[in-house]
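For reference, the chains in residue letters:
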Amino acid sequence: MRRSHLRTELIYFALTLLLTRARGLKLLSLNVPSTADIFQPVTLSCEYDLEGGNLYSVKWYKDDSEFFRFVPDYEPKSQAFHTPGITLDLQRSDMNRVTLINLHFNTSGNYKCEVSTEAPNFVTVAQSSNMTVMAFPSEDPVIEGVLSTYMIGDYLSANCTSAKSNPPATLTWHINGIQDVMRIWEYREGPDETDSQDLHSKTLGLHFRIQDSHFINNGGSLSPRMEIRCTSTVGGVSRHKFVFPTLATALTSNKLAQEVYKNSADLQLISPLNIILMLIATIQMVLSS
């Protein structure tokens, strides 16, 4: 009889242990973006599995300072606590998420979600991740100084200026998709201009002598053209600006005059009438260009 009672107690203990384990708590995922745009709200989320247990609380921390708490058995269920750099949208914050608005650069930090269950388990799980607030450019970079047409041997000089951002943008030039061919062009990096909101604007110059290989023949009646691209990158997000100068199809008046003078030395045997006809044709080319 005593042995049967002992067996019953053991079975009860084993079932209680299994039920206790079945009512564990798992934190399934924490979604904290690595970067956030200072001009946009950002939502952080925390997914968990109570595994049969009862939720006691969900707490959010920034750099170990609690700024939000959700307790389903309290009224109000949601509570916000003052923390530098944190402004909450309580209407979009609940047991699984918090939404931050009016971001500042000091909103950057380490964010932790902590979930706890009620008695008898009193299990607590937590996970954290870092987020950096950036000011991404709101516009594409601006290219200045590029002419619509060039001739072989001309020099191209241009500047590319990024829209305001923080951190400062990284600027790069590409010619026909190729970057860093230093023997063909050189870079001139301008000053970093910072405004009262700690937003930066960068300028990067470009200067090189144009060669025949810079122009790509598009076929048909289109003039060969060159693709010049400036790319502005902040926090892994890039914006691009393209310009497409073409190869000049007619000589400018100055260069045309030089060509006429140069060729006249080799055309001494040509009759005066032919020279006059050649000059008329040249004038027509200049007027039509």
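Structure report, in brief. It should be emphasised that the depicted structure is a prediction, and the values quoted were computed from it without experimental measurement.

1. What to know about the sheet that holds strand β3 (residues 42–49)
Strand order in the open sheet made by the 3 strands is β1-β3-β7, with antiparallel pairing throughout. A single partner strand is all that each edge strand has here, and the edge strands are β1 (26–31) and β7 (97–100). On average, each strand axis in the sheet is tilted by 10 degrees relative to the strand beside it, whichever way the strands run.

2. Topic: the state of the cysteines
Taken as a whole and judged by the stated rule, the model has 2 disulfides. Disulfide partner of C46: C113, at an S-S distance of 2.1 Å. An S-S torsion of about -90 degrees defines the bridge between C46 and C113 as left-handed. With C46 in strand β3 and C113 in strand β8 (residues 109–117), this residue pair connects regions lying 67 residues apart in the sequence. Just as C46 is buried, C113 falls in that class too. Disulfide pairing is shown between C160 and C230; the S-S distance is 1.9 Å. Disulfide C160-C230: the torsion about the S-S bond is -85 degrees, which places it as left-handed.

3. Describing the packing of aromatic side chains
This model, assessed by the stated rule, comprises 2 aromatic pairs. Measuring from ring centre to ring centre gives 6.0 Å for F67 and Y111, while their planes differ by 85 degrees; the resulting arrangement is edge-to-face. Linking F67 in strand β5 (residues 65–70) with Y111 in strand β8, this pair joins segments that are 44 residues apart in sequence. Among the residues examined, F67 registers a relative accessible area of 0% and is labelled buried. With a relative accessible area of 0%, Y111 lands in the buried category.

4. Describing the sheet that holds strand β9 (residues 124–134)
A sheet is described by the order of its strands in space; here 6 strands give the open sequence β2-β9-β8-β4-β5-β6, paired in mixed fashion. In the strand order of this sheet, the two ends are held by β2 (35–37) and β6 (78–80), each with one partner. On average, each strand axis in the sheet is tilted by 25 degrees relative to the strand beside it, whichever way the strands run. Sheet topology note: the β2/β9 ladder contains 3 bridges and is parallel. Bridge pairing in β9 places T35 opposite T132.

5. Side note on the environment of I152
Assignment of secondary structure puts I152 in the loop between β11 (149–150) and β12 (155–161). Judged by relative accessible area, I152 falls into the partly exposed class, the value being 41%. Along the primary structure I152 and I210 are separated by 58 residues, whereas in three dimensions their C-alpha atoms are 5.5 Å apart. The residues touching I152, leaving out its near neighbours within four places in the chain, are I210, Q211, D212, F215 and L247.

6. A few points about the nonpolar core
Core analysis: the largest hydrophobic core is formed by 30 residues, its most contacted members being L44, W60, F67, L100, V115 and M131. Among the secondary structure elements, those contributing two or more residues to this core are β1, β3, β4 (55–62), β5, β7, β8 and β9. With 4 residues, β3 is the single largest residue contributor to this core. Ignoring anything within four residues of it in the chain, the contact list for F67 reads W60, Y61, K62, Q79, A80, F81, T83, I86, L88, V98, L100 and Y111. Counting 16 residues, the second largest nonpolar core, distinct from the first, contains L156, W173, F215 and I228.

7. A look at the pattern of salt bridges
The tally for this structure, following the rule as stated, stands at 7 salt bridges. Where R239 meets D140, a salt bridge forms, and the shortest distance between an N and an O atom there is 2.9 Å. On the criterion of sequence distance, the pair formed by R239 in strand β19 (residues 237–243) and D140 in the loop between β9 and β10 (142–144) is long-range, its members being 99 residues apart. Exposure remark for D140: the relative accessible area of 36% places this residue in the partly exposed category.

8. Section: unusual backbone geometry
Along the chain, E75 connects to P76 via a cis peptide bond; the corresponding omega equals 0 degrees. As for its position among the elements, P76 is in the loop between β5 and β6. Residue N166 is joined to P167 through a cis peptide bond whose omega torsion reads 5 degrees. Considering the arrangement of structural elements, one finds P167 in the loop between β12 and β13 (170–175). Unusually for a residue other than glycine, D63 sits at a positive phi of about 50 degrees. Positionally, D63 belongs in the loop between β4 and β5. Owing to a relative accessible area of 39%, D63 belongs among the partly exposed residues under this scheme. Positive phi, normally seen in glycine, also occurs at N102, with a value near 50 degrees. Relative to the elements of secondary structure, N102 occurs in the loop between β7 and β8. Overall, the relative accessible area of 54% leaves N102 in the exposed class.

What counts and what doesn't
- Residues numbered from 1 in each chain as written.
- Predicted model: local features only at pLDDT ≥ 70, side-chain atom pairs only at ≥ 80, totals over all residues.
- Heavy atoms only, no water.
- Pairing = 2+ DSSP bridges.
- Helix = DSSP H or I, 4+ residues; strand = E, 2+ residues; numbered from the N terminus.
- Axes fitted to C-alpha atoms, helices over the stretch in contact; angles between N-to-C directions.
- Disulfide = S-S within 2.5 Å.
- Buried < 20%, exposed > 50% of the residue type's maximum accessible area, 1.4 Å probe, protein only.
- Phe/Tyr/Trp six-rings, centres within 6.5 Å; stacked < 30°, edge-to-face > 60°.
- Contact = heavy atoms within 4.5 Å.
- Core = buried A, V, L, I, M, F, W, Y, C linked by side-chain atoms within 4.5 Å.
- Salt bridge = Lys/Arg side-chain N within 4 Å of Asp/Glu carboxyl O.

Everything listed is a geometric property; what it means functionally is a separate question.
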